[in-house]
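# A structural walkthrough
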Amino acid sequence: MERLPCQFASVDVSDVMGTSVTNVTQHIIKFKVAADKGHRDVTYFAERADKEIVHEDVEGHELEIIEHSQLPQLHDAIFEQFIKSHDLVLVAFGAPWCPWSQRLDPVWRKTWEVLRQKPYAQWVRMGKVDCTADNSHATCQKHHIHAFPTIRIYRHRQSHSHENYLGDRTSEAFTEFVEEALPRHLQGVVAPHALPEPKAKTTNQIDAESHSLDGEGCQLTGSLQISRVPGNFRISAQSDSHSFNTRVMNVSHHVDKLLFGYTNERPGKLHHVLKLEERSSLYQMSFMMHQELATLKHYLKVVPFHHHSLNGEVTQTYLYKANYNEYRPRKLEWFEGKADAHVDTQLVPNAVFYYDISPVKVVVQEETQAFASFITKICAVIGGIYTVVGLFDNVIYHSSQGMKKLA
């Protein structure tokens, strides 16, 4: 997936027998993909532990205090300058229709009021971007904002390199993160007693991850165990604490290889029987998304394949042929040009692979030939050659005799 971040990439499996498994992680490994280098440059993505994000509920009297908060509202004209003017900047990208953005907004304002009272406030800034506003579309598209809210951390006055905040959404957590993320040279300027000692992090705790302005994709490698009945598996974006900006989500993808096989297969022997490109119709192929809110569908017809060798050994695997279609639901026409189109989370673009295992089986059997049969065929070849040569000789002889008579 060349434009779907590993943070949100989910593999779901279902079939006609009622099996339905979402966000399969067993035997699935994710690698971050550099957008500018495609599938050629990957970095291992460590799955976070199943830790629920803590949200803070701002009470009534606190709401009155922050109601008139002067939190900077950023847009296309001032975003870059705002980032380049401060050493540490936290920006929340959101949308008014998103419930998670609505829940974050008072906490974000409260945190801003708390930071303004800190001795290091002159080096730290917070801001928010409304990605549905006309004057902010370019910024959100440039920074590849796929989910709301997305909290980005910008350091050293640079906008091209930043991090995604993944921790709890409370004013205390935000404040602690800022105090730990503040550049060392600024901590030296600030009175030492004003900064608390950094808290020890557990091995599985990750509050932020690096990100690039070029965007991020995800390479998924692994295996799925499926029943031999028609079904499908799909790759899409899922999150329990985000809403998705489906208008800019891109599920273009590259399939290096996709194989169907038995659990006891031995790849070494299969390689001598069938090449990878013969087993996989989707061998090293790319599929681009050309319209927004589309689903990229692959239809796979899977056929069992058995190979019987001369020594009696049977090699079993599966072959398949694939068809492809880019599908966009007709009911989306009603949403055209309306911001609330994003609300329908069921319309998140995805790549889906439908498979149907055929009852027909392809069998290839090696057979030896008897020596007598070999001699018979050799004699037939020799006799055929003798007959053809005799015909040519007869034609040449009679032609030459005819020429002599004419002369």
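Structure first, text after, so check above.
Please read these numbers as outputs of a predicted model, since none were measured by experiment.

Conventions and cut-offs
- Residues numbered from 1 in each chain as written.
- Predicted model: local features only at pLDDT ≥ 70, side-chain atom pairs only at ≥ 80, totals over all residues.
- Heavy atoms only, no water.
- Disulfide = S-S within 2.5 Å.
- Helix = DSSP H or I, 4+ residues; strand = E, 2+ residues; numbered from the N terminus.
- Buried < 20%, exposed > 50% of the residue type's maximum accessible area, 1.4 Å probe, protein only.
- Contact = heavy atoms within 4.5 Å.
- Salt bridge = Lys/Arg side-chain N within 4 Å of Asp/Glu carboxyl O.
- Pairing = 2+ DSSP bridges.

Here we come to the state of the cysteines. Here, disulfide denotes a covalent bond that connects the sulfur atoms of two cysteines. In total, this model carries two disulfides according to the counting rule given. With its sulfur 2.2 Å from that of its partner, Cys6 forms a disulfide with Cys218. Disulfide Cys6-Cys218: torsion about the S-S bond near 100°, hence right-handed. Of this pair, Cys6 sits in the segment before strand E1 (9–15) while Cys218 is found in strand E12 (residues 216–222), placing the two residues 212 residues apart along the sequence. The class for Cys218 is buried, based on a relative accessible area of 0%.

As a further point, take unusual backbone geometry. The bulk of non-glycine residues show a negative phi, and the bulk of peptide bonds are trans. At the junction of Phe148 and Pro149, the peptide bond is cis and its omega measures out at -10° in the coordinates. Along the chain, Pro149 falls in the loop between strand E8 (147–148) and strand E9 (150–155). Residue Arg157 is not a glycine yet carries a positive backbone phi of 60°. Tracing the sequence through the fold places Arg157 in the loop between E9 and strand E10 (161–165). Even without a glycine there, the phi angle at Gln284 is positive, about 50°. Within the secondary structure, Gln284 sits in the loop between helix H8 (276–279) and strand E16 (285–287).

What follows concerns the side chain of His146. If you trace the backbone, His146 turns up in the loop between helix H4 (137–142) and E8. Beyond its immediate sequence surroundings of up to four residues, His146 is in contact with Arg3, Pro5, Ser243, Phe244, Asn245, Val248 and Met249.

We now examine the environment of Glu113. Position of Glu113 among the secondary structure elements: in helix H3 (residues 99–116). In the structure, Glu113 is positioned 48 residues away from Ile65 in sequence and 9.1 Å away in space, judged by C-alpha atoms. Leaving out residues up to four positions away in the same chain, Glu113 has contacts with Ile66, Ser69 and Gln70.

Glancing now at the pattern of salt bridges. Applying the stated criterion to the full structure yields 12 salt bridges. Between Glu56 and Lys110 there is a salt bridge, with its nearest N and O atoms 2.6 Å apart. With a gap of 54 residues between them, Glu56 in the loop between strand E4 (42–44) and helix H1 (60–66) and Lys110 in helix H3 connect regions that are remote in the sequence. Pair check on accessibility: Glu56 and Lys110 agree, each one buried. The salt bridge partner of Asp87 is Arg157, with a shortest N-O separation of 3.2 Å. Remark: Arg157 occurs in the loop between E9 and E10 and Asp87 occurs in the loop between helix H2 (79–84) and strand E6 (88–94); sequence separation between them is 70 residues. Judged by its relative accessible area of 11%, Asp87 falls in the buried class. Salt bridges sharing common partners tie together Asp105, Arg109 and Lys128.

Burial runs high along strand E19 (residues 350–357): six of the eight residues are buried. Sheet topology places strand E13 (residues 231–237) next to E19; six bridges connect them, and they run antiparallel. Across the sheet, residue Arg234 finds its bridge partner in E19, namely Val352. Across seven bridges, the pairing between strand E17 (residues 295–308) and E19 is parallel. Counterpart to Tyr299 in the pairing with E19 is Tyr354.

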